[in-house]
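Architecture at a glance
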Amino acid sequence: MKLKLYRFCKILGKFMYVKNNNYKFSISGFFLLLLFASYTMASINHEKNIKSPDVVIHLPWGSGGLYAGGVDPNESAGQGPMSFTINSYGEIFLLDQLNYRVLSFDGDGKFIHETPISNGIFEDIEVLDNGYILLLDRTNRSEVVVFDSYGRELNHWKLIGDGIEEGGLVTAMLWRSDGLWLEYDHEHSVHIVDSNLMPCRREIVKGRISLDTKKSIVASLYGSNSASIAVIDRNSKKTIIEEKVFFDHNLYRIIWLDWDVHGNVYWFFHLVDRDVETDFPIFEEDRAFIFKTDLTKIGGFSSPFVIVPREQFREFRVSPDGDIFQMAFTDEGIKILKWRWE
Amino acid sequence: MKNYNLKFVFFEVLIVVSIVFPKFSFGAPDPMTRDEIICLARSGVGYSYWWCHAKWCRSGCSPDFSSCRAGSCSGSCSGSCLAPTCTHYGSYGADCSGFVAKVWQVPDPSPVSTNYHPYSTQDFYCYSIYWSTIPFSSLEKGDAMVRRDGCPGRRGHVLIYESGDSWGSIRHYEASGCSSGIVHHTHSLTTDFKCIRRDNIVSPCTPSLEVCDGEDNDCDGEIDEGGVCCTPSEEVCDGEDNDCDGEVDEGVVCLIGWNLVSSISSDINGDGMADLCARAARGIVCHLSTGSGFGGVINGPEISNASGWNQPIYFSTIQLVTGDNVCIPEDEVCDGIDNDCDGEVDEICNRNEDESEFVLENSDIAGVEDFTLETEYSERETDFDSKEYDSYESRLENNGGGVIEGGCGCVIR
């Protein structure tokens, strides 16, 4: 950077002259300076978009207390906490299923409460404003179970039915103002229960239901280094707008798609380049894009915290007011990172 | 002593070769199709995780819990096979490597109900025994994905790949772990998995580009589909896709509904009114009934053919007899026609044979005006292309006597 600045000043000097012992810019020098200022401002604006993440929660691997359950066994899949979520008050809930509990923290990461749960096979979590906890069991009993904040099981609903042929292919559990939706195979969303937690007619909408429930978004990989997105009106089922994003690396998978209350869309990707000979990754990072409702890009960032052999079902979440959280696993434990953007 | 050492070295070498290069020692596993692999994988779903074992029951591609109850597992599994750190209840289940070996039927075919655990993830990851490494981009259903923290390493996992979804998540079968057992689900997988393919996977059909050869080259169950046998030409009304665009008789070439013609009606466009058609060697020409007369000429297929258009069901209001002199024998009735095709007309009637004009009363056919053959023909002469019908002009039978003067016969229907 210093070298670049030195070279720039050297070039700039060629466009200056001395008059009455004062340094003056020639016209071309003035324009060059203007260009440099514009470039600098643009860089600053870009940098302003995203700040470095804050580590809101850091729990070492372990059991009980402020530890997170994780296993990395032989001859089976490793596991860490499968999921986490943020409620409308900004509180963070961690599904620590291997320790048979849900941990809750305030927005600053201060521990609030521990809710015991009945078993360790849950993979996703949503928490309602009244404190009820919804947990997704995809493959064992294939149901959504609702607990109160004391860990008492209140109700459960089977996954299999219209729109859901197999519990293991449910790809997301989403709480919306009109109730609970389950996303199936990243293809469509199924309305399971209404806002009063009563089973309802299983409406099926294409793609992932939006936060305001008026739209849905269909996203998919598009070639080796791009992805497409289409916003669909829930009632008319017509496509409102479509967009594609392109990357300078190969796109391995779409990680997550979310909304905030302002209608901004958050889209997360896992980029991987592989060695031609060994096929092992030589470049790997997560990347996030933020769009306005009309899919105009307004921000983005890269994260080095990609998934590790300890499996997790959720990696990113967006709070209703637009804060971005990432659950990252390290050798020492788990970190809940909060990515801020302006 | 020297001989003993030589024998010992020989057997040592043989053992090492057998382990490191088993393909040379044992050959390939029995052939399996990808569908057979997935079928076996599906049959294990719902059984428990059982450390160092692989055994369950199936009914076709489904698990058979009525014969073999699913067990359960508690704890976190590690340690030796004889003294694991987890506890299993029941007699059925598998760990991840036992599951994959059973589903792949390696090294030998063995029923899923037979307990057999020949390999660990170390074998799948570190060696190519009955399988080979493939790139991630080449994965197909029935292949496996294996990871290991080294060779020999301490920890690993292996699973059966089924497909990727639209987000790039991976649908797979696996003996996931002690708490979850054998499952089929979609999950994100880390990029440190190595992709491996069982040897001797066969297909009843090896997919290739579909070509025009009477074979199902792309293995989709269809033969020569997708217009591979099509040579583009102008679309005409013949029930074929002449221009190879995947559509048959589209556009304006089939204005009239030929298929609506029945043996009892000459209503060829399905509007409820009898239409007037003539068939000749080089084509069929019709006039659609307007209700009070007939409209302009509509051309039909260029060439009549023996498979269809010569049959009575396709006869329309008028069939102009070709040089072949088509006649369908029927009982002779007194109607001015040679019904029995014996060359005589109304031989059962007392018809005056020198009658110069023969008038047909067609009032029983809705929408068709009464006309005389001679008049009708002359009226239509300008419509019927003279080039096409010249040869019949001189052969018209004008007097209704049943004898073709110069020789044309007309069938009235």
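Right above here is the structure, for reference.
Residues numbered from 1 in each chain as written. Chains lettered and ligands numbered in written order. Predicted model: local features only at pLDDT ≥ 70, side-chain atom pairs only at ≥ 80, totals over all residues. Heavy atoms only, no water.

Let's shift gears to the overall build of chain A. For chain A, the count of helices and strands is two helices and 28 strands. Evaluated residue by residue, chain A yields a buried proportion of 52% over its 342 residues. A total accessible area of about 16100 Å² is found for chain A, and carbon and sulfur atoms account for 54% of it. (Helix = DSSP H or I, 4+ residues; strand = E, 2+ residues; numbered from the N terminus. Buried < 20%, exposed > 50% of the residue type's maximum accessible area, 1.4 Å probe, protein only. Areas by Shrake-Rupley, 256 points an atom, 1.4 Å probe, with all protein chains shown as cover.)

All names here are of chain A. Summed over the entire model, instances satisfying the criterion amount to 20 aromatic pairs over all chains. Both rings, one in Trp 61 and one in Phe 329, keep their centres 5.3 Å apart while their planes meet at 75°; by these two values the pair is edge-to-face. With Trp 61 in the loop between strand 3 (54-60) and strand 4 (78-79) and Phe 329 in strand 27 (residues 324-329), this pair connects stretches of sequence that are 268 residues apart. Accessibility classification places Trp 61 together with Phe 329 in one group, the buried group. Looking at Arg 310, its charged tip hangs above the ring of Trp 61, at a distance of 4.2 Å from the centre. (Phe/Tyr/Trp six-rings, centres within 6.5 Å; stacked < 30°, edge-to-face > 60°. Lys NZ or Arg CZ within 6 Å of the ring centre and 35° of its normal.)

It is worth spelling out the nonpolar core at this point. Across soluble globular proteins, nonpolar side chains show a tendency to be buried alongside one another. By size, the foremost hydrophobic cluster in this structure holds 41 residues, and its most contacted members are B:Phe99, B:Trp104, B:Phe124, B:Trp131 and B:Ile160. Elements with a contribution of two residues or more to this core: helix 3 (34-43), helix 4 (96-104), helix 5 (121-126), strand 8 (144-148), strand 9 (156-164) and strand 10 (170-177) of chain B. When neighbours within four sequence positions are excluded, B:Phe99 is seen to be in contact with B:Ala41, B:Gly44, B:Ala54, B:Trp56, B:Ala94, B:Ile160, B:Tyr173, B:Glu174, B:Ala175 and B:Ile182. A:Met82, A:Ile117, A:Val146 and A:Phe147 belong to the second-largest nonpolar core, a separate cluster that totals 33 residues. (Core = buried A, V, L, I, M, F, W, Y, C linked by side-chain atoms within 4.5 Å. Contact = heavy atoms within 4.5 Å.)

For a regular strand, side-chain orientation follows a simple rule: the groups alternate between the two sheet faces. Residue and element names in this part refer to chain B. When you tally the buried positions in strand 8, you get five out of five residues, the bulk of the element. Here strand 8 pairs with strand 9 via five bridges, running antiparallel. Bridge pairing links Met 145 to Leu 159 in strand 9. Bridging between strand 8 and strand 12 (residues 194-198) involves three bridges; their strand directions are antiparallel. Bridge pairing links Met 145 to Cys 195 in strand 12. (Pairing = 2+ DSSP bridges.)

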